[in-house]
Amino acid sequence: MNFNPLSEAKRIEKEIIAWRRDFHMNPELGYEEERTSKVVEEHLREWGYTIRRVGTGIIADIGKGEKTVALRADMDALPVQEESDVLYKSKIPGKMHACGHDAHTAMLLGAAKIIAEYREELNGRVRLIFQPAEEGGNGAVKMIEGGALEGVNAIFGFHVWMELPSGVIGIRDGPFLAGAGIFGGKIIGKGGHGASPHETVDPIPIMAEAIMAFQSIVSRNVPPIETGVVSVTSVHGGKAFNVIPGEVEFKGTFRFFKPEIGGLIQRRMREVLEGVTKAHGAKYELSIEELTPPTINSREMADFARKVAEKYGLKYGDVPPTMGAEDFAFYLQKVPGAFLALGIRNEEKGITYPHHHPKFDVDEEVLHLGTAMEVALAFEFLRG
Ligand SMILES: [Zn+2]
Ligand SMILES: [Zn+2]
């Protein structure tokens, strides 16, 4: 490479920050990223990319050759009311970039600009994926269905990371983020007078028993060296103090790092509900949906990323796994790659609020580092 990605990214740092602030002020929820994708597309066209649209998502190609490396950013915001009084505060009530996807889009836009400037030096093709609806919408699946991974040899993506100090790139082998599923259902008993429980099948103690029994799934069924989560997060039943309701509804989420643990959790939930309701003469309904698989980095690609960071003097380190989920997992099921973290935590600036918090913010000073790493990954991968 006849240029240094880090100094090139530093050169356009102000532009990257300006893009981030523009996206931050104009947040759009999943699958509604009309404005954001329009801004992205206009820049990409100007820089000579070939564009394919997948709804509000964009697949953009540049360069030619046998090999293709993909870089991905997500563009969606969250239904959160921003509580900080920053200059670039969200202009849309009730919507906010509280996960940092504004930063991801801006960083990749910066990389797009640099890659286009040096396209003559590319030994293959770079594909940029700007996807919609990462937050619970599985926008990645729509992009894959739209052909985002056709011909792709490897994929990389970034998430800004509050648990890492500003400027450190977190690189992890194997499982990084958990698989996530949701469940919902009801206990169906028989309602009646609160003073005559013997004439009812009271679903409330049955629900309580089932919830307590769910606790034993992780503590007594999941092997101790593995991890999992079962959280009942909502329970609704009854209205009056003297009426035993006929039903109690519940919902919640489960998390896992290995598909077999996800399967085990689901099987045990059914068995618990089956047994507990049978013991009390009640019935149940249960629906379980696996939303996102675990995000599992390829060891080889994580190693490659470390070498690239090393070569260009970018600070990097390990990053602990989290039970949060990320739809980048779907890309990694199809092609090797790595999902990387970029530390944004800056105590001095008060940038410490967790992702999805109404005061979440990003240390903008490090955004160009993400851009530099993306550019370096693309060029180095195609060279190898
Ligand atoms: Zn998020
Ligand atoms: Zn996110």
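Residues numbered from 1 in each chain as written. Chains lettered and ligands numbered in written order. Predicted model: local features only at pLDDT ≥ 70, side-chain atom pairs only at ≥ 80, totals over all residues. Heavy atoms only, no water.

> Looking at this structure, how should I read the coordination of the zinc ion (ligand 2)?
Tetrahedral coordination by four donors sets the ideal angle at the metal to 109.5 degrees; octahedral coordination by six donors sets it to 90 or 180 degrees. Each protein donor to the zinc ion (ligand 2) is listed here as Cys99 (SG), His101 (NE2) and His159 (NE2); together their distances run 2.1 to 2.5 Å. In the primary structure, the donors to the zinc ion (ligand 2) are separated according to the pattern C-x1-H-x57-H. Separating the zinc ion (ligand 2) from the zinc ion (ligand 1) is a gap of 3.2 Å, bridged by Cys99, which donates to each. Taken together, the residues span a long stretch of sequence, with His101 in helix α4 (residues 101-117) and His159 in strand β5 (residues 154-165) at a distance of 58 residues. Each member of the pair, His101 together with His159, is buried. (Donors = N, O, S within 2.8 Å, 3.2 Å for Na, K, Ca; no water. Helix = DSSP H or I, 4+ residues; strand = E, 2+ residues; numbered from the N terminus. Buried < 20%, exposed > 50% of the residue type's maximum accessible area, 1.4 Å probe, protein only.)

> Help me understand the packing of aromatic side chains, please; the structure alone is not making it clear to me.
The description of two aromatic rings rests on the distance between their centres and on the angle between their planes. All chains considered together, the criterion is met by 12 aromatic pairs. Ring centres of Phe3 and Phe379 lie 5.1 Å apart, and the angle between their planes is 80 degrees; this geometry places the pair in the edge-to-face category. With Phe3 in the segment before α1 (5-11) and Phe379 in helix α10 (residues 367-383), this residue pair connects regions lying 376 residues apart in the sequence. Judged on exposure class, the residue Phe3 and its partner Phe379 are both buried. With 5.8 Å between their ring centres and 40 degrees between their planes, Phe156 and Phe304 make a pair best called tilted. You can see Phe156 sitting in strand β5 and its partner Phe304 sitting in helix α8 (residues 299-311), a full 148 residues away along the chain. The buried category is assigned to Phe156, whose relative accessible area is 2%. Among the aromatic residues, those joined into a cluster by ring pairs are Trp161, Phe176, Phe328, Tyr331 and Phe339. (Phe/Tyr/Trp six-rings, centres within 6.5 Å; stacked < 30°, edge-to-face > 60°.)

> Is there a simple way to think about the environment of Gly55 in this case?
Position of Gly55 relative to the elements: it lies in the loop between β1 (50-54) and β2 (57-63). Once the C-alpha coordinates of Gly55 and Pro132 are considered, the two residues, 77 residues apart in sequence, prove to be 8.4 Å apart.

> Looking at this model, I keep getting lost on the sheet that holds β5. Mind explaining?
The strands making up a sheet are joined through hydrogen bonds of the backbone, oriented either antiparallel or parallel. Read from one edge of the open sheet, 8 strands run β1-β2-β4-β3-β5-β16-β6-β15, paired in mixed fashion. Every interior strand has two partners, whereas the edge strands, β1 and β15 (316-317), have only one. Two elements, strand β6 (residues 169-170) and strand β16 (residues 337-345), share 2 bridges in a ladder whose sense is antiparallel. What sits directly across from Gly170, in β16, is Ala341. Each of β2, β3 (68-74), β4 (125-131), β5 and β16 touches α4; the most contacted strand, β3, lies at about 145 degrees to it. Docked against the sheet, α8 engages β5, β15 and β16, running at close to 50 degrees with respect to β16. (Pairing = 2+ DSSP bridges. Contact = heavy atoms within 4.5 Å. Axes fitted to C-alpha atoms, helices over the stretch in contact; angles between N-to-C directions.)

> What am I meant to see in the packing of helix α2 (residues 13-25) against helix α3 (residues 34-46) here?
Helix-helix packing: each pair is described by the crossing angle between the helix axes and the interaxial distance. Between α2 and α3, the shortest axis-to-axis distance is 10 Å and the interhelical angle comes to 155 degrees. In terms of their interaxial angle, α2 and α3 are classed as roughly antiparallel. Here the hand of the crossing between α2 and α3 comes out right-handed. Two secondary-structure elements touch here, α2 through Trp19, Asp22 and Phe23 and α3 through Arg35, Thr36, Val39, Val40 and His43. Counted by class, the contact of α2 with α3 contains 4 nonpolar, 2 polar and 2 charged residues. (Parallel < 35°, antiparallel > 145°, perpendicular 65-115°, else oblique. Left-handed = near helix turned anticlockwise from the far one by under 90°. Nonpolar A, V, L, I, M, F, W, Y, C, P; charged D, E, K, R; others polar.)

> Hey, could you run me through the pattern of salt bridges in this one?
Where charged atoms from two side chains of opposite charge approach closely, those side chains can pair. A full pass over the atoms with the stated rule returns 32 salt bridges. Between Arg20 and Asp102 there is a salt bridge, with the nearest N and O atoms lying 3.0 Å from each other. With Arg20 in helix α2 and Asp102 in helix α4, the pair connects residues that are 82 residues apart, well separated along the chain. Summarising the burial analysis for this pair, Arg20 and Asp102 share the class buried. A network of salt bridges, in which partner residues are shared, links Arg20, Arg21, Asp102, Asp361 and Glu364. (Salt bridge = Lys/Arg side-chain N within 4 Å of Asp/Glu carboxyl O.)

> Teacher, can you tell me more about the environment of Thr277 here?
Of note, Thr277 is situated in helix α7 (residues 259-280). Taking the C-alpha atoms as reference points, Thr277 and Ile187, separated by 90 residues in sequence, lie 7.5 Å from one another.

> Teacher, can you tell me more about the nonpolar core here?
Where a protein is soluble and globular, its nonpolar side chains tend to be buried together. Formed by 72 residues in total, the largest nonpolar core has its most connected members in Leu44, Tyr49, Ile115, Val126, Leu128, Phe130 and Met373. Among all residues touching Phe130, those that are not within four sequence positions of it are Val40, Leu44, Gly57, Ile58, Ala73, Met75, Thr105, Leu108, Leu109 and Met143. Judged by nonpolar contacts, the second largest core, of 25 residues, contains Val201, Phe214, Val230 and Met269. (Core = buried A, V, L, I, M, F, W, Y, C linked by side-chain atoms within 4.5 Å.)

> Explanation requested: the coordination of the zinc ion (ligand 1) in the structure shown.
Note on the zinc ion (ligand 1): its protein donors are Cys99 (SG), Glu135 (OE), Glu135 (OE) and His356 (NE2). The metal-donor distances range over 2.0 to 2.8 Å. For the zinc ion (ligand 1), the 4 donor atoms in the first shell make angles of 51 to 147 degrees at the metal, a pattern classed as irregular. Spacing between the donor residues of the zinc ion (ligand 1) along their common chain follows C-x35-E-x220-H. Look at Cys99 and you get buried, because its relative accessible area is 8%. A relative accessible area of 38% places His356 in the partly exposed class. (Tetrahedral: all angles 85-135°; square planar, octahedral: opposite > 155°, others 65-115°.)

> What is the right way to look at the pairing of strand β12 (residues 247-256) in this model?
For a regular strand, side chains alternate in direction, first toward one face of the sheet and then toward the other. Where strand β8 (residues 179-188) lies against β12, 10 bridges are found, and the strand directions are antiparallel. From the neighbouring strand, Gly181 faces β12, where its bridge partner is Phe254. In terms of strand pairing, strand β10 (residues 228-236) meets β12 through 8 bridges, oriented antiparallel. Across the sheet, Val229 pairs through a bridge with Arg255, a residue of β12.

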